[in-house]
Amino acid sequence: MATPASLTNPASPTNTTPARATVEAWMRDFQRWLCRQLENADGGATFQEEAWTHASGGGGFTRVIGQGDVLEKGGVNFSAVAGRLGEAAARQLLLPDPAYFATGVSVVQHPHSPRVPISHMNVRYFEAGNGETWFGGGLDLTPIYVDEAQARWFHTQIRQVCDRHDTGYYPRFKQWADEYFYLPHRQETRGVGGIFFDRLTVGPDGSFEELFAFVQDVGEVYGRTYAELMRQNRDLPFSGRQKQWQQVRRGRYAEFNLALDRGTKFGLETGGRTESILMSLPPQCEWIYQLPIEPGSPEAETQAWLRQGVAWAE
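No experiment lies behind these values; they were computed from the predicted model shown.

Colleague: In this structure, what is going on with the sheet that holds strand 9 (residues 193-201)? I would like to understand it.
Modeller: Across a sheet, strands are paired by hydrogen bonds formed along the backbone, either parallel or antiparallel in direction. Spatially, the 7 strands line up as an open sheet ordered 1-2-3-4-5-6-9, and their pairing is antiparallel. Two strands in the sheet have a free side with no partner beyond their single neighbour: strand 1 (48-53) and strand 9. Each strand axis lies, on average, 10 degrees off the axis of its neighbour in the sheet, ignoring direction. Relative to strand 4 (residues 99-111), strand 3 (residues 71-84) runs antiparallel, the two sharing 13 bridges. Across the sheet, the residue bridging to asparagine 77 is serine 106, located in strand 4.

Take a look at the structure:
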């Protein structure tokens, strides 16, 4: 399979810049590192890689894993693309100049077991045609059954990373995640949240070095914490009822990604590779009409946690 000769493009807004080359190289290295962490935690499968090119310039590497000991379906996608946004997409991103360059890594993991949470992470870097550059990203956890102690541990790890860079980051980005990873038509959060941040702009929000270091640490904490949660939960028993609840919760995950997720919309609107974009969807899910949830059941307890404003790491 042919590998893109270059993931940068002379048609991009400012051609190759030192910052762009540095971030792009780290994103590719991070993809490889994260795949190793997940493979080690899974123990039964390895990621398969496929290279692809973007019509307007650049491309990426999609890495997928399936039918492992823990992971039923997962992906770790790297991309570095350049081109010109359509009028609607440029307006949505508040860009006076539609030329752009974007690179990032996006991750979603769907385990076999309902006792192992679904997880998501992405980190990204954007250069606009008017010279503005910014970082974005986030990570969140979607347990099928909320384990309060594990949710609090997960948030504490994230808060410690945020506090090393700016003590205002965690409360600000945690609230942003609560608002972003929310299904208004269900009036519930997608899971126990995490952090979400967008348009951390070089200059107003910090130097390139400061913001890039924060994004690197976000990637590291995701790999470390999710691999640990895989190990802790992989061998826990589960019932047919719990498996059915997993399929229902996966359906909620699909609803969010298809109807609300900005990354999905951006990728499709800019002509991204559809298979890579929709890699985030679960392998199987269910929509059961008016599924009864017994009061006091584990399912009801989980449902009660799916709300905004839970002080997980206070």
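After presenting the structure, the write-up continues.
Colleague: Can you walk me through the layout of surface pockets in this structure?
Modeller: If a probe the size of a water molecule is rolled over the atoms, the empty space left behind becomes visible. Counted as a void, the largest pocket has a volume near 1,200 Å³. Around the largest pocket sit 48 residues that line it, and Arg124, Gly263, Thr264, Phe266 and Gly267 are the ones nearest its centre. Where the lining of the largest pocket is concerned, the elements lending two or more residues are strand 3, helix 2 (87-92), strand 4, strand 5 (118-128), strand 9, helix 6 (240-259), helix 7 (262-269) and helix 8 (274-277). Residue composition of the lining of the largest pocket, by class: 21 nonpolar, 18 polar and 9 charged.

Colleague: Before we go on, may I ask you to explain the packing of aromatic side chains in this structure?
Modeller: The relation between two aromatic rings is expressed through the spacing of the ring centres and the mutual angle of the planes. Tallied over the full model, the rule gives 25 aromatic pairs. The interplanar angle of 45 degrees and the centroid separation of 5.9 Å between the aromatic rings of phenylalanine 135 and phenylalanine 208 together place this pair among those described as tilted. Within this pair, whereas phenylalanine 135 is found in strand 6 (residues 133-142), its partner phenylalanine 208 is found in helix 5 (residues 208-233), the two being separated by 73 residues in sequence. Like phenylalanine 135, the residue phenylalanine 208 is buried in the burial classification. Centroid distance phenylalanine 181 to phenylalanine 196: 6.0 Å. Interplanar angle 85 degrees. Geometry classified as edge-to-face. Of this pair, phenylalanine 181 sits in the loop between helix 4 (169-180) and strand 7 (182-183) while phenylalanine 196 sits in strand 9; the two residues are 15 residues apart in sequence, bridging distant segments of the chain. Note that arginine 28 overlies the ring of phenylalanine 61, its terminal NZ or CZ placed 3.8 Å from the centroid.

Colleague: What exactly am I supposed to notice about the packing of helix 6 against helix 9 (residues 298-305) here?
Modeller: Two packed helices can be described by the angle between their axes and the distance between those axes. For the pair helix 6 and helix 9, the least separation of the axes is 11 Å and the interaxial angle reads 30 degrees. Accordingly, the angle class assigned to the pair helix 6 and helix 9 is roughly parallel. In the packing of helix 6 onto helix 9, the handedness of the crossing is right-handed. Mapping the contact onto sequence places Arg241, Trp245 and Arg249 in helix 6 and Glu299, Thr302 and Gln303 in helix 9.

Colleague: Explain the environment of tyrosine 169 to me, please; I cannot follow it from the model alone.
Modeller: On the secondary structure map, tyrosine 169 appears in helix 4. Placed 28 residues apart in sequence, tyrosine 169 and phenylalanine 197 show a C-alpha to C-alpha distance of 9.0 Å.

Colleague: What am I meant to see in helix 9 here?
Modeller: Residue pairs spaced three or four apart in an α-helix point in one direction, given the helix's 3.6 residues per turn. Of all the residues in helix 9, the buried ones are Glu299, Thr302 and Trp305. An end-on view of helix 9 places all buried positions within 115 degrees of arc, on one side of the element. Those residues of helix 9 that are buried lie in contact with helix 3 (148-165), strand 8 (188-189) and helix 6.

Colleague: Looking at this structure, I do not really get the environment of leucine 236. What am I missing?
Modeller: Within the secondary structure layout, leucine 236 lies in the loop between helix 5 and helix 6. By relative accessible area, which is 29% here, leucine 236 ends up partly exposed. C-alpha separation for the pair leucine 236 and asparagine 77, spaced 159 residues apart in sequence, amounts to 29 Å. Beyond its immediate sequence surroundings of up to four residues, leucine 236 is in contact with Ser113 and Arg115.

Colleague: For this particular structure, what's the right way to read the nonpolar core?
Modeller: Across soluble globular proteins, nonpolar side chains show a tendency to be buried alongside one another. By size, the foremost hydrophobic cluster in this structure holds 58 residues, and its most contacted members are Val123, Leu139, Ile195 and Phe214. By residue number, the principal contributor to this core is helix 5, which donates 12 residues. Those residues in contact with leucine 139, other than ones at most four positions away along the chain, are His120, Met121, Phe154, Ile158, Gly193, Gly194, Ile195, Val218, Val221 and Tyr222. If you look at the next biggest cluster of nonpolar residues, it comprises 11 residues, including Trp52, Val81, Ala90 and Tyr100.

Colleague: Even after reading the chapter, I still don't get the packing of helix 1 (residues 18-42) against helix 5, so can you show me in this structure?
Modeller: Viewed as axis vectors pointing N to C, helix 1 and helix 5 meet at an angle of 10 degrees, and their least axial separation amounts to 9 Å. Accordingly, the angle class assigned to the pair helix 1 and helix 5 is roughly parallel. A breakdown of the residues in the contact of helix 1 with helix 5 according to their chemical character gives 15 nonpolar, 5 polar and 4 charged.

Colleague: I would appreciate a short explanation of empty space enclosed by the protein in the present structure.
Modeller: One pass over the structure, following the stated rule, counts 1 cavity of 30 Å³ or more. Examining the composition of the lining of the largest cavity, we find that 3 residues originate from one element, helix 4, more than from any other. When its residues are assigned to classes, the lining of the largest cavity shows 6 nonpolar, 3 polar and 5 charged.

Rules behind the numbers
- Residue numbers run consecutively from 1 along every chain, following the written order of its sequence.
- Totals for whole chains, interfaces and linings use every residue, but because this is a predicted model, local features are given only for residues with pLDDT of at least 70 and side-chain atom pairs only at 80 or more, for both listing and counting.
- Each side-chain value is worked out from all heavy atoms of the structure, with water and hydrogens disregarded.
- We treat two strands as partners when DSSP finds at least two bridges between them.
- Secondary structure is summarised from DSSP: a helix means a run of H or I of at least four residues, a strand means a run of E of at least two, and numbering begins at the N terminus for each.
- Note on geometry: axes are C-alpha line fits, over the in-contact stretch for helices, and angles between N-to-C directions span 0 to 180 degrees.
- Of the two site types, the cavity is a set of points on a 1 Å grid over the protein atoms alone where a 1.4 Å probe fits but cannot get out, and the pocket is an open set with protein on both sides within 12 Å along at least five of seven lines, each lined by residues with an atom within 4 Å of a point.
- Grid points are joined across faces, edges and corners, and a volume is the space filled by probe spheres set on the points.
- Each residue is assigned to one of three groups, with Ala, Val, Leu, Ile, Met, Phe, Trp, Tyr, Cys and Pro labelled nonpolar, Asp, Glu, Lys and Arg labelled charged, and all others, Gly among them, labelled polar.
- Pairing of aromatic rings covers Phe, Tyr and Trp, the last counted by its six-membered ring, and requires centre-to-centre distances within 6.5 Å; plane angles under 30 degrees mean stacked, over 60 mean edge-to-face, and any other angle means tilted.
- Each residue is placed in one exposure class: buried if its accessible area under a 1.4 Å probe, protein chains only, is under 20% of its type's maximum, exposed if it is over 50%, and partly exposed if it falls in between.
- Whether a charge lies above a ring is judged from NZ of Lys or CZ of Arg, which has to be within 6 Å of the ring centre and within 35 degrees of the ring normal.
- Roughly parallel refers to an angle under 35 degrees, roughly antiparallel to one over 145, roughly perpendicular to one between 65 and 115, and oblique to any angle outside these ranges.
- Rotating anticlockwise by less than a right angle from the far helix to the near helix defines a left-handed crossing, while the corresponding clockwise rotation defines a right-handed one.
- What makes two residues a contact is simply this: any of their non-hydrogen atoms within 4.5 Å.
- Summarising the geometry, the arc corresponds to the directions from the helix axis toward the C-beta atoms.
- Residues belong to one nonpolar core when they are buried, are Ala, Val, Leu, Ile, Met, Phe, Trp, Tyr or Cys, and are joined through side-chain atoms within 4.5 Å.

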